[in-house]
Amino acid sequence: MTDNYVGKRVKRTEDPRLIRGLAHYVDDIVLPGTLHVAFVRSYYAHAKINSIDVEAARSAPGVVAVYTGSEVSGKIGPVPCAGALPDLKVPDHRVLATNKVYFVGHPVAAVVATDRYAARDAVDLIVVDYEELPVVTDVEEAAVGGPVIHDAFSDNIAYRLTSGEGDIDAAFAAADRTVKQRVLHKRLAPIAMEPRGVLARYFPGEEELTLWSSTQIPHLMRTQVALMIGIPENKLRVITPEVGGGFGSKLNVYAEEALLGWISMQLSKPVKWIETRRENIQATIHGRGQVGDIEVAFKNDGTLTGLRYSVFADLGAYHQLLTPAIPTLTGLMLSGAYKIPAIQMNITACFTNKMATDAYRGAGRPEATYIVERGLDLVAAELGMDPAEVRRKNFPKPTEFPFHTATGLDYDSGDYETALNKAQEIAGYQQLREEQKKAREEGRLIGIGVSTYVEICALGPSQAMPAGGWESATVRIEPTGKVTILTGASPHGQGQETSFAQIAADELGVNINDVTVIHGDTGVVQYGIGTFGSRATAVGGTAVFVAIQKLKEKAHKIATHMLQADATRVSFEGGKYSRSAAAAAAAGTSEPVVPVGQAPAGALPEPQTEGKTSVTLQDVALAAHIAREIPPDTEPGLSATYFFEPKNFTFPFGTHIAVVEIDRETGDMKWLRYVAVDDCGKVINPMLVDGQVHGGIVQSIGQAMYEEVVYDEQGQLLSGTLMDYAVPRASHIPNFELDRTETPTPVNPLGVKGVGEAGTIGATPAIVGAIVDALAPFGVKHLDMPIKPENVWRIINRG
């Protein structure tokens, strides 16, 4: 072992190909004779399909085929949903609409042509006779009545669920005070840098189908698509090239992936579809979409006694893979970083005439953290206490872990007060409060927001997951000593090609450039679950680590044989197996290794070990593959596979502090400070951690101040392009002052917790809290996101 890499700021090994434009995304894969697919998508939010006339399109130049829902619905199964909740209603959602459409962007027909331009032109020739139906876009209206979207159901309620522990009624009865607030989580579009894309190629002779897709879950996608289109799973290969960002939006099995595979099988030709940005905002999942009321019960000293959250969850028109599960994740994390004796979550999840919601960076946990943190700010305002002190008062102590929450979870480890103290120290919190007081006397509007969060990561134990929570790894040392890692995780920007190589390089004592990490190819990599929920390193990296330990055990056995030494006298350090001096002396009187004869011409050069006191890992790897100098009861080769099943989730935490100033004349907000102290357990690569936190905070800034998916009352998408959907620009981003504490988890031997969603979860309440605090002189206690300058200006100018 060495300590050359783990814990160090190692530059990402995957970046050179990306920076130089040498990486391959789906659209960069060019196959001879590729046909292109374009879709007719509904411009109505809810309508009956009376007829579809495709004859003009079929005879258009370059068109090879046109498919409608009625032609494929009996041949391709429904889009899968992995939800498993009591009395859950699951619509029969097909890859193309059959007799009705129920959201703008719903695919109705597919055109296949020799190039994408001919396909797009032919789309305009298809005539669909729609009969408009009443639309419901408001989730609360959908819950109490409104037009029923799916004929198979009597109403729009997909499910109801009440969860939590403790006596909630007694908790509120015992409280000195309560606060209540309506909280909105507007819909968000994930806006990955690269939209989705699919390329399918079928070989009829071999009866083999290959799909290139920008997915986060290649193996799970293979299983589901095989079931949808009726091909044996071992005849389907899924390859994930560069994804171009996912944030959960590519953690699904979409209609286009199955349909293109089926079309390629029909035509025996490669077919490709690359999503446009307008399609991306219309028909790739949205995030968030909750409207709820939070009630917090507490004592006069700030001690929390109970919390109740009653929410209407907007699921959209149908279920994608995890759609029903996201609101339940919100419920699980309602304890936040606090000791709350009784918690109740009441979910009413409804269908609306909008695109489905699903996992978007944080997936239910940003909602929960925002709800709890806004509640704590309201408690502080009601009592006239400092928001940080209300939080501190309700933290569990480090000695109370594992800590059981009233939502049914067991937090693994934590030291919340240390993270808060460190953030306050970096920010100069007390001085900031004094400066704020002076600024207010001068008429300036300065606000300070504090967020102390906990998130659930390393998803997770299989008992709590819809399709397995383990992860796999194979580690192989080639005859030349190079190391190959095959991981079932499927990183797409998180940096595991680097962090996994760091783990292997230190454990095996090799140079990091001698380690290659392979992922995202079901024809090469053993079955895996995928990358989401900040699980890739905590679960996938642990599988790599344990596989390396197994491999080292075998290598130690072979090295001992090569050195003619007792196993207890051989140690491994710096990529070399060495026998002790006593073992070396004893070896002079040992029985020699049985001669194996002369190596045949052209054979690999056999390692020379006679008289040596050490052998390198490369010597051992070569001997393992030549197999003439290995113990008689040992298999040739040097590789190991491990499937790691965690026994619990992990629970990272931290404190974010935002400081802002509001311009009285314009309502614009200026950043003064942004401090974040995060604890993601053991850190493999601080540079990767900082990058993940940066990106997460930026997405929180988007939600807090700019982003919202807007539908009108007719279900028309008003924010369907990047001219209408605002995302943060570089000029909108403050300087981040980042630091961390390190509290390892006992859940895995690496001590890693995960960090991919931390910024998104911790930042939003701090930003909103800061803006609300700046406007406190106007009596403001809460504002809904996104908080835009025009709204702030109205508050200031109307008093």
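Residues numbered from 1 in each chain as written. Predicted model: local features only at pLDDT ≥ 70, side-chain atom pairs only at ≥ 80, totals over all residues. Heavy atoms only, no water.

1. Some remarks on the overall build of the chain
As a reminder of what qualifies: Each helix is a run of H or I in the DSSP string that is no shorter than four residues. Each strand is a run of E no shorter than two, and both are numbered from the N terminus. Exposure is judged per residue with a 1.4 Å probe applied to protein chains only, and the accessible area is read against the type maximum: over 50% gives exposed, under 20% gives buried, and values in between give partly exposed. For this analysis, residues touch if any pair of their heavy atoms sits within 4.5 Å. Using a 1.4 Å probe, accessible areas were evaluated by the Shrake-Rupley method; residue-level cover was limited to the displayed protein chains. Only four residue types enter the tally: Lys and Arg on the positive side, Asp and Glu on the negative side; His and the chain ends are excluded. To locate a charge, the coordinates of NZ of Lys, CZ of Arg, CG of Asp or CD of Glu are taken.
Across its full length, the chain holds 21 helices and 28 strands. Along the first, second and third principal axes, the C-alpha set of the chain runs to 95 × 75 × 45 Å. In the chain, which comprises 799 residues, the share counted as buried stands at 61%. Counted over contacts in the chain with a minimum sequence separation of 6, partners at least 24 positions apart contribute 80%. With the model as given, the accessible surface of the chain reaches about 30200 Å², and the carbon-plus-sulfur share is 51%. Here the chain contributes 73 positively and 94 negatively charged side chains, and the mean placements of these two sets differ by 2 Å.

2. Let's talk about the sheet that holds strand β28 (residues 737-740)
The test is simple: Two strands pair if DSSP finds at least two bridges between them. To obtain an axis, a line is fitted to C-alpha atoms, over the contacting stretch when the element is a helix, and the angle between two such axes runs from 0 to 180 degrees between their N-to-C directions.
Taken together, the four strands give an open sheet; going across it, the order is β18-β26-β27-β28, and neighbouring strands pair in mixed fashion. The sheet terminates laterally at β18 (445-454) and β28, the two strands that pair on one side only. Strand-to-strand twist in this sheet, taken as the mean axis angle between neighbours without regard to direction, amounts to 10°. Pairing analysis gives four bridges linking strand β27 (residues 669-679) to β28, with the strands arranged parallel.

3. Concerning the confidence of the model for the chain
Short version of the rule: Per-residue confidence from the prediction method is given by pLDDT, with values spanning 0 to 100.
Across the chain, the average pLDDT comes to 95, with 96% of residues at 70 or higher. pLDDT under 50 marks residues 589-599. Its contacts with residues more than four places away, or in other chains, come to seven contacts.

4. Let's talk about the packing of helix α7 (residues 218-229) against helix α8 (residues 255-267)
How we decide: Every angle not falling under 35 degrees, over 145, or within 65 to 115 is termed oblique; those three ranges are roughly parallel, roughly antiparallel and roughly perpendicular. By convention the crossing between two helices is left-handed if the near helix lies anticlockwise of the far one by an angle smaller than a right angle, and right-handed if it lies clockwise. Three residue categories are used. Nonpolar comprises Ala, Val, Leu, Ile, Met, Phe, Trp, Tyr, Cys and Pro, charged comprises Asp, Glu, Lys and Arg, and polar comprises the others, including Gly.
At a minimum axis distance of 10 Å, the contact between α7 and α8 shows a crossing angle of 55°. The angle between the axes of α7 and α8 places the two elements in the oblique class. As α7 packs across α8, the resulting crossing turns out to be right-handed. Contacts from M221, V225, M228 and I229 of α7 reach α8 at E257, A258, G261, W262 and M265. Classifying every residue of the contact of α7 with α8 gives seven nonpolar, one polar and one charged.

5. Some details on the state of the cysteines
Counted only if it meets this: Two cysteine sulfurs form a disulfide in these notes if their separation is within 2.5 Å.
Enumeration over the complete set of coordinates arrives at zero disulfides. You can see C457 has no disulfide; the closest cysteine sulfur is in C680, sitting 9.2 Å from it.

6. Overview of the sheet that holds strand β4 (residues 100-101)
Pairing in this open sheet of three strands is antiparallel, and the strands run β4-β2-β6 from one edge to the other. The outermost strands of the open sheet, each flanked by one partner alone, are β4 and β6 (127-132). Of the strand pairs in this sheet, strand β2 (residues 47-53) and β4 are connected by two bridges, and their pairing is antiparallel. Each bridged residue has a counterpart across the sheet, and for A47 the counterpart in β4 is V101.

7. Section: the pairing of strand β13 (residues 287-298)
The buried fraction of β13 is high, at 12 of 12 residues. In the sheet, strand β8 (residues 177-188) pairs with β13 via 11 bridges, with the strands oriented antiparallel. Within β13, the position partnered with R182 by the bridge is D293. Adjacent in sequence and paired antiparallel, β13 and strand β14 (residues 304-316) are bridged by five residues, among which G302 carries a positive phi angle near 95°.

8. Let's talk about the environment of P396
Summarising the element assignment, P396 is placed in the loop between α12 (387-393) and β16 (403-404). On the basis of relative accessibility, which here comes to 4%, the residue P396 falls in the buried class. Measuring from C-alpha to C-alpha, the distance between P396 and Y416 comes to 7.8 Å, with 20 residues separating the pair along the chain. Not counting residues up to four positions away in its chain, the partners in contact with P396 are A337, Y338, K339, F401, F403 and Y416.

9. What to know about the nonpolar core
Soluble globular proteins tend to bury their nonpolar side chains together. To keep it simple, the criterion reads: Buried residues of nine kinds, namely Ala, Val, Leu, Ile, Met, Phe, Trp, Tyr and Cys, make up a nonpolar core once their side-chain atoms join them within 4.5 Å.
The biggest cluster of nonpolar side chains holds 137 residues, and the ones touching the most others in it are Y674 and I771. It is helix α20 (residues 758-774) that provides the largest number of residues to this core, a total of 10 residues. In terms of nonpolar packing, the next biggest core, distinct from the first, is built from 49 residues, A473, A505, L563 and V615 among them.

10. As for empty space enclosed by the protein
Our working definition: Buriedness of a pocket was judged along seven lines, with at least five required to meet protein on both sides within 12 Å; pockets are open sets of points on a 1 Å grid over the protein atoms alone, cavities are sets where a 1.4 Å probe fits but cannot get out, and lining residues have an atom within 4 Å of a point. Grid points are joined across faces, edges and corners, and a volume is the space filled by probe spheres set on the points.
Under the counting rule described, the total for this entry stands at five cavities of 30 Å³ or more. For the largest cavity, the lining is made up of 13 residues, of which A255, E256, A283, Y318 and Q320 are closest to its centre. Approximately 60 Å³ is the volume found for the second largest cavity. Lining of the second largest cavity is provided by R288, G289, Q290, A313, D314, L315, T323, I326, P327, T357 and D358.

11. Digging into the layout of surface pockets
In this structure, the second largest pocket spans a volume of roughly 700 Å³. Around the second largest pocket, the lining is made up of 32 residues, and of these F39, R41, R120, V123 and E279 lie nearest the centre. Taken together, the elements giving at least two residues each to the lining of the second largest pocket come down to β1 (35-41), α4 (116-123), β6, β12 (271-274) and α9 (277-283). With six residues, β1 is the single largest residue contributor to the lining of the second largest pocket. Classifying every residue of the lining of the second largest pocket by side-chain character gives 16 nonpolar, eight polar and eight charged.

12. Remarks on the packing of helix α11 (residues 365-383) against α20
Two elements in contact, α11 and α20, have axes separated by 8 Å at closest approach and are oriented at 35°. Helix-helix and strand crossings are classified by hand; for α11 and α20 the assignment is right-handed. Between α11, through R365, P366, T369, Y370, E373, R374 and D377, and α20, the contact on the second element is made entirely by T760, I761, T764, P765, V768, G769 and V772. Of the residues belonging to the contact of α11 with α20, the class tally is six nonpolar, four polar and four charged.

13. Topic: the side chain of T352
Of note, T352 is situated in the loop between β15 (342-351) and α11. Not counting the four nearest positions on each side in its chain, T352 is found in contact with V136, T137, D138, V139, A142, I149, R187, D314, G316 and A317.

14. Quick word on the environment of G244
Among the secondary structure elements, G244 is positioned in the loop between β11 (236-239) and α8. Note on G244: relative accessible area 17%, which makes it buried. Each C-alpha atom, one on G244 and one on L717, is 24 Å from the other, the two residues being 473 residues apart in sequence. Other than its neighbours up to four places away in sequence, G244 contacts Y25, A192, M193, E194 and K250.

15. What about the side chain of H36?
Residue placement: H36 occurs in strand β1. Here H36 is in contact with V111, V112, A113, T114, D115, R116, A119 and K272, once residues within four sequence places are set aside.

16. Description of unusual backbone geometry
Cis rather than trans, the peptide bond between F401 and P402 has omega equal to 0°. Relative to the assigned elements, P402 resides in the loop between α12 and β16. Cis geometry is adopted by the peptide bond preceding P786, which originates at M785 and carries an omega value of -10°. Here P786 shows up in the loop between α20 and α21 (789-798). With a phi close to 55°, A458 is a non-glycine residue in the positive phi region. By the secondary structure assignment, A458 is in the loop between β18 and β19 (471-477).

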